Amino acid sequence: MTNKGAILLVVSIFCVLSEALSQVLDSSSYTLTIKDDILGMELRPDEEASRSIYILSKEHQDIAEAAISHTLITQDDILQSGATTLLEVLRFSPDFVVRQSTNGNYVLHLRGSSFADEGVSHRNTVLLMINEIPYYNFMEQSVWWETLPVALQDIKQIEVVRFPHGAWYGPEAAEGIINIVTKLDNGLGLKAQSNTRVGLNNNHAFQGSISFYQGGRFRVNATGYFNRFTRFQQSSYIFSQRNYVSDDSLLFYQINARTTNPTVSKGIRNSGAHFNANYTWSKDAELHLSAGIQNSEAQGIFRRIEEVALSNRLANTNWVSLRARWKPFQTYFSYQAGSQLYSGYENLRWDNNNQWLGRIEYAKEWKKYRLGLGAETLHYEYANSRTDVAPIFPQLGQRYSASISQHLSFFENRLVLTLANRADYYATLGKSLLNNQLSALFVLFPAHKISAAIALSERPPGILDQNPVNVEELIFPFQETLVYEAKYHYQISKDINADLTYFQYQPQEEAEGTHTATRSGFSGKVDWQINRLLLSGNATYMQFRGAGNTPTNPLPELFGSFTGRYSALFDKLQAFLTVNYYSQHLYTSNNASFSIPARFNLSSRLSYQIWDEHSLFISGQNLLNNGKVEYPFSDRTQGIYWLGINLRF
C-alpha cells in the first residue's frame, strides 16, 4: 500500500466517523443540555475490570493494599491501546524497557534485567505464567515471546510483579513475574468475537473466539489467531564488518546464510488456538481446564551464531493445564511439549522438550494471621538438544519444592507484614536453592502509605551459560542477589495518585564468573482522572555499577512513558495516545560496541463503536517513523499503521 493510498484510507475513515457522529448528534433519541453534555460526563467504570491481583500473596488482594511494586493491566487497557503483542502492552508499565529488534519482535528488561551481555535477545529472568502456571523454557532460562499461545483479545488482565518473587513461585521469578489471566467467556449466552486488522507493508493480525455462558456453573471459550509481520529492511548486521550488508550478499560472509538468516518476508509469523473451560460446583469448589497449541517463526539476535546478527528461529508448542479448588486447597497440573530450534543449526535445537508441573497449596486464616503452605514438583527433559551439554546438564530430571508464607496485620490493618520462604531441591545436582522475601505496608494516614520489601533471590543458570569441553569443566554458579525497595504512595485527591519507589539489586559474589553489576534507581508514577480524560505517566532512573564500583550502562539510565485516554459519546468514541522514551546508551561486549540513540516512540489508537458492540479503529506504532535502531545489531524500525474492525455477536 503506497503512502498516498494510506492518506486516502485515513481520510475515508475520518469521513465515515464524521458522518456517524453527525447522525448521533441529530438523533432524537438523545436530548443534550448544558448539565448533561456528553463531553462532560463522568467516565463510566469498566464493570468487568478487576481491581485485585492474585499472584502477590496467592490471595485476591486489592491493588491499593499491596506492599511490593506491581502493575495491573486490564482487558480494556489492552483493547484501547492498539497493541499487537504482549510486550507492546508492557511498555505502559513502570520499570520496563521494551525495545524492538525486528518488526513484531521485542526484547524486555525489568529494572535492568536480561541485558544482552552475550547478545542473546530472548534470555529472560522474568517468569511468564498463564493462570499461575509457568510458560517458560527451564533449560534455557528463557521466554520466546512470539510463542505466547494466547491472543491479546483472550486476556482478562495482566498481573505484573516488578520485584523478585522467587519465594512465591520459584527461582525463575528472581527478577519478577508476568501472569496472564485469560477470559472465560465473551458475555452471557452464545457469543462470538473477532478482531481483524491489516496494515502497511503486508502486516496482518486476525483473532476470533466463540464462547458459551448462561450465568450458571459452566462456561467455555475457544480462540484462534494468526499474525504476520514483515521485516523493516532488506539488510542485516555483519559482525566482522561492523555494518549492515544487503541480504542478497549474506552468502559471501556465511555459507549457510540461506537456511540460517531471514528474508524480507520474515519478521514474525505465528498462529495458535486456545481453549478455556470452567465448572463451579459451589462457592468452595471449582475446576478450570486450559489447553492450546502454537506454531511460530521469528527473527532474533543471537551473537553466538557465527557471523550474521539475525537468526531465524522456529517453535511449536502443545500445552494443557488443570486447576482445581476445594475449600482451602488448590491444586495445579500442567504439561508442555514441543520443539525449539534455530534454522540451520542442528546443535541449537530442543526437540520433544517435555515439562510436567504439579503443585498443591493450602491456606488457613486465624483472625489477623494467614498461613500458606505449598509443595511443587517439576520434571523437564530436552531430547536431541546440545550433545555436549544436555546429557550431563544437572537440571535435567526432577525438582522438588516447598514453600511457606505468613501474613499478619496489626492496628486495624494499618500495619501489614508478609513473609515468604521457598526451597527448591534439584535431585540430579543434589543441591537446594533458597528464596526469601519480607515486605511491610504501613498506612500513615488514609492518603499516605509507605512500604518496604527485601528479598534474597537465588536462581540457577541456563544451558546457554555453559560452554564446556568436558564434564570436569562444568561450572554452575547459582546466582544470588540481595534486593530491596522502599515505596511511598500518596493519594493527592480522589482523582490523583502518585508513587515514588527506590530499589537496589546487589549480586552476591559466591561463584567465579557470576555477573556482579549492582543496579539501583528511582521510579515514579502519577495517575490523574479529569472527567473523561485519564492521564498516566511514569519514569525510572537507574544506574549500573560494575566491578570496582566503575559505572557501566548496558541499558538506558532514564526511561518511562506517558499515556492519555479519552472517551466520549457514551464511550462510543475512544482515543488513546502513548509516548515511550529511553535515553542514549552504549552496548559493549566481546570487543563489539553499538550506540543506541535516545528515542521517543509514539503510538495511538482511535476507535468508534459504529453499531451495537461493533467498532472500527485505526492505530499505529512508532508514528514518528524515525527509523532508528532500538536494539543492538537489529533493524532500523519504521512506523506501522493499522486499519481494523472488532465484531461481537
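This part takes up the overall build of the chain. Summing up its helical and strand segments, the chain has five helices and 36 strands in all. Sorting the 649 residues of the chain into buried and exposed places 56% on the buried side. Sequence-distant contacts in the chain: of pairs separated by 6 or more residues, those separated by 24 or more amount to 60%. When the accessible surface of the chain is split by element, carbon and sulfur atoms take 58% of a total near 27600 Å².

This next bit is on empty space enclosed by the protein. To find leftover empty space, a probe the size of one water molecule is rolled over the atoms. Tallied over the entire structure, the rule returns 13 cavities of 30 Å³ or more. Quantified by volume, the largest cavity comes out at close to 420 Å³. In this structure, the largest cavity is lined by 32 residues; those nearest its centre are Thr84, Thr85, Leu86, Asn227 and Asn270. Across the lining of the largest cavity, the residue classes tally to 15 nonpolar, 14 polar and three charged. Approximately 140 Å³ is the volume found for the second largest cavity. Only strand S17 (310-326), strand S18 (329-342) and strand S19 (345-366) provide two or more residues apiece to the lining of the second largest cavity. Residue contributions to the lining of the second largest cavity peak at four residues, all from S18. Among the residues making up the lining of the second largest cavity, the classes are represented as five nonpolar, 11 polar and no charged.

What follows concerns the side chain of Lys449. Its place among the elements puts Lys449 in strand S24 (residues 448-459). Comment: no salt bridge for buried Lys449; closest opposite-charge side chain is Glu65, at 6.4 Å. Setting aside residues no more than four positions away along its own chain, Lys449 makes contact with Ala64, Leu441, Phe442, Val443, Lys487, Tyr488 and His489.

Another point: the environment of Gly620. Topologically, Gly620 is positioned in strand S35 (residues 614-621). Apart from the residues lying within four places of it in its own chain, the contact partners of Gly620 are Leu602, Ser603, Ser604, Ile640 and Tyr641.

This brings us to the sheet that holds strand S9 (residues 176-182). Ordered in space as S3-S8-S9-S6-S7, the five strands form an open sheet in which the pairing is mixed. If you trace the sheet from one side to the other, it starts and ends with strand S3 (70-74) and strand S7 (133-134), each paired once. Note that S3 and strand S8 (residues 155-161) share five bridges and pair antiparallel. Among the inter-strand pairings, Leu72 is bridged to a residue of S8, identified as Glu159.

Next up on the list: the pairing of strand S31 (residues 573-582). Every second residue of S31 is oriented toward a common face, the buried set being Gln574, Phe576, Thr578, Asn580 and Tyr582 and the non-buried set Leu573, Ala575, Leu577, Val579 and Tyr581. Of the strand pairs in this sheet, strand S30 (residues 558-568) and S31 are connected by 10 bridges, and their pairing is antiparallel. Within S31, the residue paired with Ser567 across the bridge is Gln574. Between S30 and S31, which pair antiparallel and follow one another directly, the connecting turn spans four residues, one of which, Leu569, has a positive phi of 55°.

Under the criterion given, the structure shown has 26 salt bridges. Between Arg370 and Glu365 there is a salt bridge; the shortest N-O distance is 3.9 Å. Judged by relative accessible area, which is 11%, Arg370 ranks as buried.

Thresholds, definitions, all that
- Note on numbering: residues in each chain are counted from 1, in written sequence order.
- Reporting in this predicted model follows two pLDDT cut-offs: at least 70 for local features of residues, and 80 or more for side-chain atom pairs to be given and counted; totals over whole chains, interfaces and linings ignore these cut-offs and use all residues.
- Think of the side-chain values as coming from all heavy atoms in the structure, minus any hydrogens and water.
- Each helix is a run of H or I in the DSSP string that is no shorter than four residues. Each strand is a run of E no shorter than two, and both are numbered from the N terminus.
- Throughout, exposure labels follow a simple rule: accessible area from a 1.4 Å probe, protein chains only, divided by the maximum for the residue type, with under 20% read as buried, over 50% as exposed, and the rest as partly exposed.
- Only heavy atoms matter for contacts: two residues are in contact if any of them lie within 4.5 Å across the pair.
- Areas reported here follow the Shrake-Rupley algorithm with a probe of radius 1.4 Å; residue values treat only the protein chains shown as occluding.
- The rule is simple: put a 1 Å grid over the protein atoms alone, call a set of points where a 1.4 Å probe fits but cannot get out a cavity, call an open set with protein on both sides within 12 Å along at least five of seven lines a pocket, and count a residue as lining if it has an atom within 4 Å of a point.
- Grid points are joined across faces, edges and corners, and a volume is the space filled by probe spheres set on the points.
- Amino acids are sorted into nonpolar (Ala, Val, Leu, Ile, Met, Phe, Trp, Tyr, Cys and Pro), charged (Asp, Glu, Lys and Arg) and polar (every other residue, Gly among them).
- Just so you know, the count uses Lys and Arg for positive and Asp and Glu for negative, and it drops His and the chain ends.
- In the sections that follow, a salt bridge refers to a side-chain nitrogen of Lys or Arg positioned within 4 Å of a carboxyl oxygen of Asp or Glu.
- Any two strands with at least two DSSP-identified bridges between them are counted as paired.

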